[in-house]
Amino acid sequence: MQKSIHTLFAAAGLALACQAATAQTIKIANVVELSGAGATSGTNFKNGVELAVKEINAAGGIMGRKIESTTADTQSNPGVAKGLAQKAVDDGVLAVFGPVFSGSILVSMAETRRAEIPNFTGGEAAAITKQGNPYIFRTSFTQDTAMPKVARYVANNLKAKTVALIYVNNDFGKGGKDSLIKALEPLGVKVTTDISTDQNQVDFSAAVLKAKQANTDVIFAYTNEEESARLLRELRKQGVTKPIVGETVLTSQKVIELAGEAANGAVAHVGLTVDAPIPAMRAFRAKFEKEWKFTPDHNGIKGYTGVYILKAAIEKTGKLDRQAIAKTMHTLKLKAADHPGILMDVSFDDKGDLDRESFIVEARDGKQVVKETLPALAAK
């Protein structure tokens, strides 16, 4: 009997110890695309988050507490993403990272908003931060910030007057189409032909033929990773010689690898690239490649810097209070010299959109070559 009582007390003590240990951790959830159309984006984002968590924990955590991270696969399905966001809420996490696909975050962020949980997303659709959600924060540019930059390149550098746009028919693609047209019009450039394609589309021959027949000055490509690679191969196959321009995804590392020589010469505006002439970015690339055995794209950087941005916001807030952290995030300004993990100086506005330097790059011989560094909008 006495032995049973001792056993009971020991078990109770262990349970209390486990609860205390959990209370001393900062719980975050990765809700990302690990399968389906978004697998490349989500895997990069997830790996970036996990690398940052590993580094921060090794350095003592945040305010003395280690980060406890979990990961769930949305399957690139908005409905699944919504359910996983609710599970993260039920698990009592301090913050949610992901999804990356715009269509999924537009659905799932309703759950984190109701629970007042800061939610960091790699989604670029302009609509994400136009709904007045005080708990959503980007780790990438919104389309309304990015498209004016690439539009100026099309108008000023390429001297183009007409554009044929090939885009993917989803929230990401349609939002990009609207933002691009809006950005080009004041510059005297017109999208004379817009060609809708499907997510996971395999055959781009008809789309490319239509773009060729439009005989515009520039072809603008705005699709997901695998589709962008197929599109570039088809453009090369049909002998297209007009400038091929895009935004971020078109020259991402996965697209360059899949498209091979067909990617050479493609130009894009990118908010983040491991080929940027920034020592901290090059160091991140080396650490990521050592950890995961492949070269990260912009999504890997988004996940990594997102965790370090959360760390900085928590430390500035001084407490693990979701509402207070979200309030701190609005109008937060961080310098990489003070917070090395963010890699580049960054600032947030009252909507959760960010601002920082960005780059015009050209795909060349298996990598991105930086042609021009563009200043943050606030610096202009």
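Because the structure is a prediction, the values reported are computed rather than measured. (Residues numbered from 1 in each chain as written. Predicted model: local features only at pLDDT ≥ 70, side-chain atom pairs only at ≥ 80, totals over all residues. Heavy atoms only, no water.)

Before we go on, may I ask you to explain the sheet that holds strand β1 (residues 25-32) in this structure?
Sheet strands pair by backbone hydrogen bonding; their relative direction is either parallel or antiparallel. Taken together, five strands build an open sheet; the order of strands is β2-β1-β3-β4-β5 and the sheet is parallel. Edge strands, defined here as strands with exactly one partner in the open sheet, are β2 (66-73) and β5 (136-138). With direction set aside, neighbouring strand axes in the sheet form an average angle of 25°. The sheet contact formed by strand β3 (residues 95-97) and strand β4 (residues 119-121) spans two bridges and is parallel. Along β4, the bridge assignment pairs Val96 with Asn119. (Pairing = 2+ DSSP bridges. Helix = DSSP H or I, 4+ residues; strand = E, 2+ residues; numbered from the N terminus. Axes fitted to C-alpha atoms, helices over the stretch in contact; angles between N-to-C directions.)

Even after reading the chapter, I still don't get the pattern of salt bridges, so can you show me in this structure?
If charged atoms from side chains of opposite charge come close, those side chains can pair. Counting across every chain of the model gives 17 salt bridges. Across the pair Glu111 and Arg114 runs a salt bridge whose closest N-O atoms are separated by 2.6 Å. Pair noted here: Glu111 and Arg114 are both in helix α4 (residues 102-114), with a separation of three residues, about one helical turn. For Arg114, a relative accessible area of 59% gives the class exposed. (Salt bridge = Lys/Arg side-chain N within 4 Å of Asp/Glu carboxyl O. Buried < 20%, exposed > 50% of the residue type's maximum accessible area, 1.4 Å probe, protein only.)

Sorry if this is basic, but what is going on with the nonpolar core here?
It is characteristic of soluble globular proteins that their nonpolar side chains tend to be buried jointly. Ranked by size, the top nonpolar core spans 96 residues in total, and within it Ile28, Phe97, Phe220, Leu232, Met281, Phe284 and Ile309 carry the most contacts. Residue contributions to this core peak at nine residues, all from helix α11 (residues 298-317). Contacts of Phe220, omitting those with residues within four sequence positions, involve Met147, Val150, Val163, Ala164, Leu165, Ile166, Leu180, Val245, Gly246 and Glu247. Core analysis: the next-biggest nonpolar cluster, separate from the first, contains eight residues, Ala29, Ala88, Val93 and Val96 among them. (Core = buried A, V, L, I, M, F, W, Y, C linked by side-chain atoms within 4.5 Å. Contact = heavy atoms within 4.5 Å.)

Would you explain the side chain of Arg138 in this entry?
Structurally, Arg138 can be placed in strand β5. Of note is the side chain of Arg138, whose polar atom sits 2.8 Å from the backbone oxygen of Gly123. A polar atom in the side chain of Arg138 sits 2.5 Å from the side chain of Asp353. With residues up to four places along the chain from it excluded, the contact list for Arg138 reads Thr121, Gly123, Glu124, Ala125, Ala126, Ile128, Thr129, Phe348, Gly352, Asp353 and Leu354. (Polar contact = N/O pair within 3.5 Å; in protein donor to acceptor, adjacent residues only side chain to side chain.)

Please clarify how the pairing of strand β15 (residues 367-374) should be interpreted in this entry.
For strand β14 (residues 358-364) and β15, the ladder comprises seven bridges, and the chain directions are antiparallel. Residue pairing for β15: Glu362 is matched across the bridge by Val369. Between the antiparallel neighbours β14 and β15 lie two residues, among them Asp365 with a positive phi of about 55°.

I keep staring at the sheet that holds strand β12 (residues 346-348) and nothing clicks. Help me out?
Strand order in the open sheet formed by three strands is β11-β12-β13, with antiparallel pairing between adjacent strands. Of all the strands in the sheet, the pair left with one neighbour each is β11 (333-334) and β13 (354-355). With two bridges connecting them, β12 and β13 associate as antiparallel partners. Looking at the pairing, Ser347 lines up with Asp355 of β13.

What's the story with the confidence of the model for the protein chain in this structure? I'm lost.
Where the model shows low pLDDT, its predicted coordinates should not be examined in detail. Per-chain confidence: the protein chain averages 94 in pLDDT, with 93% of residues scoring 70 or above. Overall, residues 7-22 carries pLDDT values under 50, and its contacts beyond four positions in sequence, including any with other chains, amount to two contacts. (pLDDT = per-residue confidence, 0-100.)

Honestly, the packing of aromatic side chains in this entry has me stumped. Any pointers?
To describe a pair of aromatic rings, you give the distance between the ring centres and the angle between the ring planes. Taken as a whole, this structure holds seven aromatic pairs when the rule is applied. Geometrically, the ring pair formed by Phe120 and Phe137 is tilted, given 5.7 Å between the ring centres and 40° between the ring planes. One end of the pair, Phe120, is in strand β4; the other, Phe137, is in strand β5, and 17 residues separate them in sequence. This pair shows no difference in class: Phe120 is buried, exactly as Phe137 is. Considering the side-chain rings of Phe172 and Tyr222, the 4.4 Å spacing of their centres and the 20° angle between planes classify their relative orientation as stacked. Highlighted residues: Phe172 in helix α6 (residues 171-184) and Tyr222 in strand β8 (residues 218-222), separated in sequence by 50 residues. (Phe/Tyr/Trp six-rings, centres within 6.5 Å; stacked < 30°, edge-to-face > 60°.)

Can you help me understand unusual backbone geometry in this one?
For residues that are not glycine, phi is negative in most cases, and the peptide bond is trans in most cases. Here the bond from Gly98 into Pro99 is cis, since omega is -5°, no more than 30 degrees from zero. Here Pro99 is to be found in the loop between β3 and α4. One non-glycine residue, Met63, lies in positive phi territory at about 50°. Relative to the helices and strands, Met63 is located in the loop between α2 (39-58) and β2. At Glu116, a residue that is not glycine, the phi angle is positive and equals roughly 55°. The residue Glu116 is located in the loop between α4 and β4 in this model.

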